[in-house]
Amino acid sequence: MSASVVRFSVAAWAALAAGVGFAAGDQFPVTDEQLSRLGVTLGAAQPVDVVELAAVPAEVVVPPTRQMLVSAPAGGVVSRLLVAEGDSVKAGEPVAEIESVEYVERQRDYLDAAAAAA
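Residues numbered from 1 in each chain as written. Predicted model: local features only at pLDDT ≥ 70, side-chain atom pairs only at ≥ 80, totals over all residues. Heavy atoms only, no water.

## Re the overall build of the protein chain
Of regular secondary structure, the protein chain possesses three helices and four strands. Listed N to C, the secondary structure of the protein chain is β-α-β-α-β-β-α in terms of helices and strands. The buried share of the protein chain, taken over its 118 residues, is 9%. The long-range fraction of contacts in the protein chain, counting pairs at least 24 apart against all pairs at least 6 apart in sequence, stands at 35%. Total accessible area on the protein chain is roughly 10,300 Å²; 58% of this is exposed by carbon and sulfur atoms. (Helix = DSSP H or I, 4+ residues; strand = E, 2+ residues; numbered from the N terminus. Buried < 20%, exposed > 50% of the residue type's maximum accessible area, 1.4 Å probe, protein only. Contact = heavy atoms within 4.5 Å. Areas by Shrake-Rupley, 256 points an atom, 1.4 Å probe, with all protein chains shown as cover.)

Written out as structure tokens, the structure reads:
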């Protein structure tokens, strides 16, 4: 096999082994001896049904246009979720029930004021 041009991942190892600096997207020739020293074997790509991976580093990023702020008029503890993750909801639709001492106190103050006004 003659010198091959190998893209970034193998190129990174070869550059490190050779002490050469590189930037993402750079290409350079890698000799058979370098590939052998790195334990790299080349072959034709083969189709597969499933690729089993133990763990893959990743980060899920929600596009800003799909993020929404959920807030409550009073602090408290979520006692029950009314929707599941991934469910679609509309503006104003309840998504959770909250147990709130603050809310109960406000409700009691309102009822006391309504009773005093009557």
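## Quick notes on the pattern of salt bridges
Tallying each qualifying case throughout the model produces three salt bridges. The salt bridge partner of R37 is E33, with a shortest N-O separation of 3.5 Å. Residue R37 and its partner E33 are both found in helix 2 (residues 32-38); the two are separated by four residues, about one turn of the helix. (Salt bridge = Lys/Arg side-chain N within 4 Å of Asp/Glu carboxyl O.)

## Regarding a nonpolar patch on the surface
A cluster of nonpolar side chains, contributed by V48, V51, L53 and V56, occupies part of the molecular surface with about 410 Å² of accessible area. If you trace the backbone, L53 turns up in the loop between helix 2 and strand 3 (77-81). (Patch = residues over 30% accessible without salt bridge, like charges linked within 9 Å, V, L, I, M, F, W, Y side chains within 5 Å.)

## Considerations on the confidence of the model for the protein chain
With 78% of its residues at a pLDDT of 70 or more, the protein chain shows a mean pLDDT of 78. Looking over the protein chain, one finds the lowest element-wise mean pLDDT in strand 1 (residues 4-5), namely 42, and the highest in strand 3, namely 92. The low-confidence segment residues 1-13, where pLDDT is below 50, has 23 contacts with residues more than four positions distant or belonging to other chains. (pLDDT = per-residue confidence, 0-100.)

## Points about the side chain of S100
Mapping S100 onto the fold places it in the loop between strand 4 (96-99) and helix 3 (101-117). A distance of 3.0 Å separates a polar atom in the side chain of S100 from the backbone nitrogen of Y103. Beyond its immediate sequence surroundings of up to four residues, S100 is in contact with A74, G75 and G76. (Polar contact = N/O pair within 3.5 Å; in protein donor to acceptor, adjacent residues only side chain to side chain.)

## A look at the pairing of strand 3
Among the five residues in strand 3, zero count as buried, and that is only a small part of the element. As judged from the four bridges shared by strand 3 and strand 4, these two strands associate in the antiparallel manner. Directly across from V77, in strand 4, lies its bridge partner E99. (Pairing = 2+ DSSP bridges.)

## Description of helix 3
Three or four residues apart is the spacing at which side chains of an α-helix point the same way, because the helix has 3.6 residues per turn. In a regular helix each residue adds 1.5 Å, so 17 residues correspond to 24 Å; helix 3 covers 24 Å between its end C-alpha atoms and thus fits that length. Where helix 3 begins, the capping side chain belongs to S100, and its oxygen is found 3.4 Å from the backbone nitrogen of E102. (Expected span 1.5 Å × (residues − 1).)

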